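Notes for the structure review
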Amino acid sequence: MLTYSLTDADGRSKELKKPLKVSFISSENAPADRLTAVFAVKGRIPVLHSIDVYDGREKIFTGLVDSQTDECTKNGVLLTVSARSLECILLDNEAMPQTYCMPSMPLLMKRHFAPLGFEKFIGTNKAFNGEITISKGMSEWSVLKSFCESFVGTYPRITKDGAIDISGGAKQEIRISRDRIISLKHSLKNSALISHAVARTHTGGVYSMPLVSRLAEKAGVKRKRYINSIDGKSRTVLSAKRLMERSEQQYEQITADCCGCIICDVGTVLTLEKDRKKYIVSEINYMLGSDGEHTVIYAHSAAEN
């Protein structure tokens, strides 16, 4: 059973166990996870600041309250709370335009993330050759994501205890038994495949160093892309390789509608019972309502077929 701990603006917490409705969405297409929960409550409702969700003793969500609504009905007072995970702090703050030479995570922590309340990070301290340019309108999240993509080769995330993780460490793994699956959809998308990626790797040079997708060739797909890793400020030599890997991952996808609650991090390695193939979770959509709880899991192929 999931439990919900609401903390008000004065730091006082109250635990609630039986919400009437819950919607939780975690997706690779949105940096911040989203939670909306409806509770039947009694007494005065304070100004809320944050909400934590626990599965037993394990914390599975920490979020800041975006909105709260109380509604008086004939059955009592209903409290609706909407919150986003801690990534929202970086998404909602604009970064100061400037350029860093030889950027490093300790430098970015000091100048950008620590002032917003993030006290620690997980990953390399290394200063990298090159520069990162912060243009007008970029969010602090965009700064972090750009640094990770251009220099570290990882995708950042914020842990449940508020640490910025740029390590790209070992992925979690989950296995789902067949008796929990209500329905399972399998898709192959030729439109996602790129057959050739050609990179320009030095100033004044031509586009060379082609990469070829055997998976696209097998599917009879011809779709070419050119990557300028010299003049493009957000591109690196590895951009072509990542582009190809991403296209092959998106080729094969599954959608599993499961009974009960299954919440894990985006990027978790997923296997199904009696199936040796591995998938990578791209979205979790958990819902609780009058008809009970169920979870829809979207995942794509973990490796080339």
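Our structure's up above, just so we're on the same page.
Right, let's walk through the structure included here.

1. A look at helix H3 (residues 140–152)
Taking 1.5 Å per residue, 13 residues should reach 18 Å; H3 reaches 17 Å between its end C-alpha atoms and fits that length. Residues of H3 that are buried make contact with strand S4 (30–41), helix H1 (87–92), helix H2 (105–113), strand S10 (131–134) and strand S12 (164–165). Residue Gly 153 follows H3 closely and has a positive phi angle near 80 degrees.

2. Points about H2
Along H2, the positions that sit buried rather than exposed are Met 105, Leu 108, Met 109, His 112 and Phe 113. Seen from one end, H2 has its buried residues packed into an arc of 105 degrees, which puts them on one side. Buried residues along H2 sit in contact with H1, strand S8 (98–101), strand S9 (121–122), S10, H3 and S12.

3. Focus: the pattern of salt bridges
Under the criterion given, the structure shown has 13 salt bridges. Residue Arg 84 is joined to Asp 66 by a salt bridge in which the shortest nitrogen-to-oxygen separation is 2.6 Å. Of this pair, Arg 84 sits in strand S7 (residues 76–85) while Asp 66 sits in strand S6 (residues 58–73); the two residues are 18 residues apart in sequence, bridging distant segments of the chain. Asp 66 sits in the partly exposed class, given a relative accessible area of 45%. In this structure, Arg 84 and Asp 92 form a salt bridge, with 2.6 Å as the shortest nitrogen-oxygen distance. The network of salt bridges with common partners includes Arg 157, Lys 160, Asp 165 and Asp 265.

4. Some remarks on the side chain of Ser 27
Among the structural elements, Ser 27 can be located in strand S3 (residues 21–27). Polar side-chain contacts of Ser 27 include one of 3.4 Å to the side chain of Glu 283.

5. Considerations on empty space enclosed by the protein
Inspection of the entire model under this criterion finds one cavity of 30 Å³ or more. Roughly 40 Å³ of internal volume is contained in the largest cavity. What lines the largest cavity is simply Leu 2, Tyr 4, Val 22, Phe 24, Leu 35, Val 53, Ile 60, Phe 61, Ile 263 and Tyr 286. For the lining of the largest cavity, the secondary structure elements donating two or more residues are strand S1 (2–8), S3 and S6. Looking at the lining of the largest cavity, its residues break down into ten nonpolar, no polar and no charged.

6. Considering the sheet that holds strand S11 (residues 157–158)
With respect to topology, three strands assemble into an open sheet ordered S9-S12-S11, the strand pairing being mixed. At either margin of the open sheet sits one strand with a lone partner, and together these are S9 and S11. Pairing of S9 with S12 involves two bridges; the strand directions are parallel. Paired with Ile 122 across the strands is Asp 165, a residue of S12.

Cut-off values and rules
- Counting restarts for each chain, with residues numbered from 1 along the sequence as it is written.
- Local features in this predicted model are restricted to residues whose pLDDT is 70 or higher, and side-chain atom pairs enter the listing and the counts only when it is 80 or higher, whereas totals over whole chains, interfaces and linings include all residues.
- Water and hydrogen atoms were dropped before computing side-chain values, which therefore reflect all heavy atoms in the structure.
- Each helix is a run of DSSP H or I of at least 4 residues and each strand a run of E of at least 2, with the numbering of both proceeding from the N terminus.
- One less than the number of residues in a helix, times 1.5 Å, gives the span that helix is expected to have.
- Residue contacts are defined here by distance: any two heavy atoms, one from each residue, within 4.5 Å place the two residues in contact.
- We call a residue buried when its accessible area falls under 20% of the maximum for its residue type, exposed when it is over 50%, and partly exposed in between, using a 1.4 Å probe and counting protein chains only.
- Taking the helix axis as origin, the arc is that swept by the directions to the C-beta atoms.
- Every case where a carboxyl oxygen of Asp or Glu lies within 4 Å of a side-chain nitrogen of Lys or Arg is listed as a salt bridge.
- In protein, a polar contact means a hydrogen-donor-capable atom and an acceptor-capable atom, both N or O and within 3.5 Å, with residues adjacent in sequence counting only if both atoms are side-chain atoms; elsewhere, any N or O pair within 3.5 Å suffices.
- Site definitions follow a grid-based scheme: protein atoms alone, a 1 Å grid, a 1.4 Å probe that fits but cannot get out for cavities, and for pockets an open set with protein on both sides within 12 Å along at least five of seven lines, plus lining residues having an atom within 4 Å of a point.
- Grid points are joined across faces, edges and corners, and a volume is the space filled by probe spheres set on the points.
- Each residue receives one of three labels: charged for Asp, Glu, Lys and Arg, nonpolar for Ala, Val, Leu, Ile, Met, Phe, Trp, Tyr, Cys and Pro, and polar for the others, Gly being one of them.
- Think of it this way: DSSP has to see at least two bridges between two strands before they count as a pair.

Interpretation note: all reported values are geometric properties and have no functional meaning in isolation.
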